[in-house]
Amino acid sequence: MSPSVGIVGYGTYLPRAVETAADIAALSGIPEAVLRDKMGIRQRHTADAAETVTYMATRAAERAIAQAGVDPAQINLVISHGSEHKDHLVWNAAAKIMNDVGANNAYAFEMYALCAGAPIALHTARLLMSGDPRLHYVLLAAGSRENELVNLSNQRSRFMFNFGAGGGALLLSRDTDKNLILGAAAYTDGTLSETVVLTEAAIGSGAPVIGELRGRLDVTDADYMAQRLGEVSLPNFLRVIGEAVEQSGASLEDVRFLGITHMKRSFYLQILESIGLTPEQSVYLEDYGHIQSVDQVLTLELGLAQGKIKPGDLIVLAGAGTGYTWSAAVVRWG
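Residues numbered from 1 in each chain as written. Predicted model: local features only at pLDDT ≥ 70, side-chain atom pairs only at ≥ 80, totals over all residues. Heavy atoms only, no water.

1. Focus: the overall build of the protein chain
The line we're drawing: Only DSSP runs of H or I covering at least 4 residues are called helices, and only runs of E covering at least 2 are called strands; the numbering of each starts at the N terminus. Between the two quantities, the radius of gyration covers C-alpha atoms and the globule rule is 2.2 Å times the number of residues to the power 0.38. The contact rule is simple, with two residues in contact once any of their heavy atoms fall within 4.5 Å. Each accessible area value is a Shrake-Rupley result obtained with a 1.4 Å probe; residue values ignore everything except the protein chains displayed when judging cover. For the charge count, each Lys or Arg is scored as positive and each Asp or Glu as negative, with His and the chain ends excluded. Lysine's charge is taken at NZ, arginine's at CZ, aspartate's at CG and glutamate's at CD.
Regarding its fold elements, the protein chain presents 8 helices and 13 strands. Here the protein chain has a C-alpha radius of gyration of 19 Å; the compact-globule value for 334 residues is 20 Å, and the two agree. Structurally, the protein chain occupies a C-alpha span of about 55 × 45 × 35 Å along its principal axes. Restricting to contacts in the protein chain with at least 6 residues of sequence separation, those with at least 24 account for 75%. Accessible surface, the protein chain: about 13400 Å² in total, of which carbon and sulfur atoms supply 51%. Averaging the locations of the 26 positively and 36 negatively charged side chains of the protein chain gives two centres separated by 2 Å.

2. Focus: the nonpolar core
The criterion, for reference: Buried Ala, Val, Leu, Ile, Met, Phe, Trp, Tyr and Cys residues form a nonpolar core when they are joined through side-chain atoms within 4.5 Å. Residue burial is assigned from relative accessible area. The probe radius is 1.4 Å, only protein chains are included, and a residue is buried under 20% of its type maximum, exposed over 50%, and partly exposed in between.
Ranked by size, the top nonpolar core spans 48 residues in total, and within it Phe237, Leu258, Val316 and Trp326 carry the most contacts. Residue assignment for this core shows that the elements contributing at least two residues are α1 (21-28), β10 (216-219), α6 (222-247), β11 (255-260), α7 (265-274), β12 (314-321) and β13 (325-332). A per-element tally of this core places α6 first, with 9 residues. Beyond its immediate chain neighbours, meaning those up to four positions away, Leu258 contacts Ile241, Ile271, Leu272, Ile275, Leu277, Gln281, Ser282, Val283, Val316 and Ala318. Leu77, Ala125, Val138 and Leu140 belong to the second-largest nonpolar core, a separate cluster that totals 35 residues.

3. Digging into unusual backbone geometry
Here the residue pair Gly323 and Tyr324 is connected by a cis peptide bond, since its omega of -5° sits within 30 degrees of zero. Secondary-structure assignment places Tyr324 in the loop between β12 and β13. In this model, Val90 sits at a positive phi of 50°, which is unusual for a non-glycine residue. Considering the arrangement of structural elements, one finds Val90 in the loop between β4 (77-80) and α4 (93-101). By relative accessible area, which is 88% here, Val90 ends up exposed.

4. Some details on the packing of aromatic side chains
Two aromatic rings, taken as a pair, are described by how far apart their centres are and by the angle between their planes. Filter applied, for reference: Only centres within 6.5 Å qualify two rings of Phe, Tyr or Trp (six-membered ring in Trp) as a pair; their planes then separate them into stacked at under 30 degrees, edge-to-face at over 60, and tilted for everything else. Two conditions define a charge located above a ring, namely a distance within 6 Å from the ring centre to NZ of Lys or CZ of Arg, and an angle within 35 degrees of the ring normal.
With the rule as written, the count across this model stands at 6 aromatic pairs. The interplanar angle of 85° and the centroid separation of 5.7 Å between the aromatic rings of Tyr13 and Tyr55 together place this pair among those described as edge-to-face. With Tyr13 in strand β1 (residues 5-13) and Tyr55 in helix α3 (residues 53-68), the pair connects residues that are 42 residues apart, well separated along the chain. Taking relative accessible area as the criterion, Tyr55 reaches 31% and is therefore assigned partly exposed. Cation over ring: Arg59 sits above Tyr55, and NZ or CZ is 4.6 Å from the ring centre. Directly above the ring of Tyr187 sits Arg239, whose terminal nitrogen or CZ lies 3.8 Å from the centroid.

5. Thoughts on the pattern of salt bridges
To keep things clear, this is the line we draw: In the sections that follow, a salt bridge refers to a side-chain nitrogen of Lys or Arg positioned within 4 Å of a carboxyl oxygen of Asp or Glu.
Tallying each qualifying case throughout the model produces 16 salt bridges. Between Arg36 and Glu32 there is a salt bridge, and its shortest N-O distance comes to 3.0 Å. Of this pair, Arg36 and Glu32 both sit in helix α2 (residues 32-38), 4 residues apart, roughly one helical turn. Using a relative accessible area of 28% as the deciding quantity, one classes Arg36 as partly exposed.

6. Re the packing of α3 against α4
Stated formally: Axis definition: a line fitted to C-alpha atoms, limited for helices to the stretch in contact. Angles are taken between N-to-C directions and run from 0 to 180 degrees. Oblique is the label for any angle not covered by the other classes, which are roughly parallel (under 35 degrees), roughly antiparallel (over 145) and roughly perpendicular (65 to 115). By definition, any crossing whose near helix is turned counterclockwise from its far helix by less than a right angle is left-handed, and any crossing with a clockwise turn is right-handed. In this classification, the charged set is Asp, Glu, Lys and Arg, the nonpolar set is Ala, Val, Leu, Ile, Met, Phe, Trp, Tyr, Cys and Pro, and all remaining amino acids, among them Gly, are polar.
Orientation of α3 relative to α4, taken along the N-to-C sense of each, is 45°, at an axis distance of 9 Å. Compared by their axis directions, α3 and α4 come out oblique. When you trace α3 past α4, the crossing you get is right-handed. Residue-level contacts link Thr54, Ala57, Thr58, Ala61, Glu62 and Ile65 of α3 to Ala93, Lys96, Ile97, Asp100 and Val101 of α4. When its residues are assigned to classes, the contact of α3 with α4 shows 6 nonpolar, 2 polar and 3 charged.

7. Brief notes about helix α8 (residues 295-305)
A large share of α8 lies buried, amounting to 8 of its 11 residues. Among all positions in α8, only Asp295, Gln296, Val297, Leu298, Thr299, Leu300, Leu302 and Gly303 are buried. Lining the buried residues of α8 we find β1, α5 (117-131), β7 (165-174), β11 and β12. Just beyond α8, the residue with positive phi is Gly307, at close to 75°.

Written out as structure tokens, the structure is:
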């Protein structure tokens, strides 16, 4: 029988600086009301030069470790599943996070599934812990400041104007009865693999180059991407959520909370309705924006703080990332 694996600590880090819908409207030309009401952006956090991806992930990880009451030296593995727009290029961010939290008996690696990364990281860690009895504590940590990769004057990339900055972390333990990870699923539609890429054409007049990085995120074929996602995004979200819940041994009727990637408000509400939940059984990140694979731990933290997650609840954490991959993980909270 596989050992149980559960979440024993969680934490987030959000930079102090924010950009409001009014700020983004002034830079993008999109009316403030559209940003707030349709795109669901009241504000987003932005990082300063010192708030690197590993800095934000480390601060979140320290909170998760402290909450669990675990000595960092007990951690056996650190997985970074955050942004590739990080402190350095061609570089293992997990090693720095490991060092900075004091997990000096661990090993560390990165896994990357863009904004679908958190549920896949949970699944990966659970499988590794089930197969290796030496892995008692595993730290998952992520940071993102992807907003810097978007040119607000490029209307092709407007669906990315919600990108914000922050960090999130989860500490997992084997042989626990607390907050058990019960199932996960993911699916990729490779026909969308090159719809969003980094190009110099999207830099924009007078825009600065970001450190070692040149270019901005751009959409290569906006019409195809819109048409294809319109066809497959809802079915694929329902597919991975349904498969993850089935793997947990439960049914959709048992789900009490959904923590999901930030997206436009109408699609968020459509997903909730499709799985039989109400907005009171979820958290919409309109005051935070989309922080890549940090969104799931942020919704978990906010859901608990707002009393939307109660002991015994079956919760789903879901995401989707360009590529295009959809993912979900199921946790029995408490």
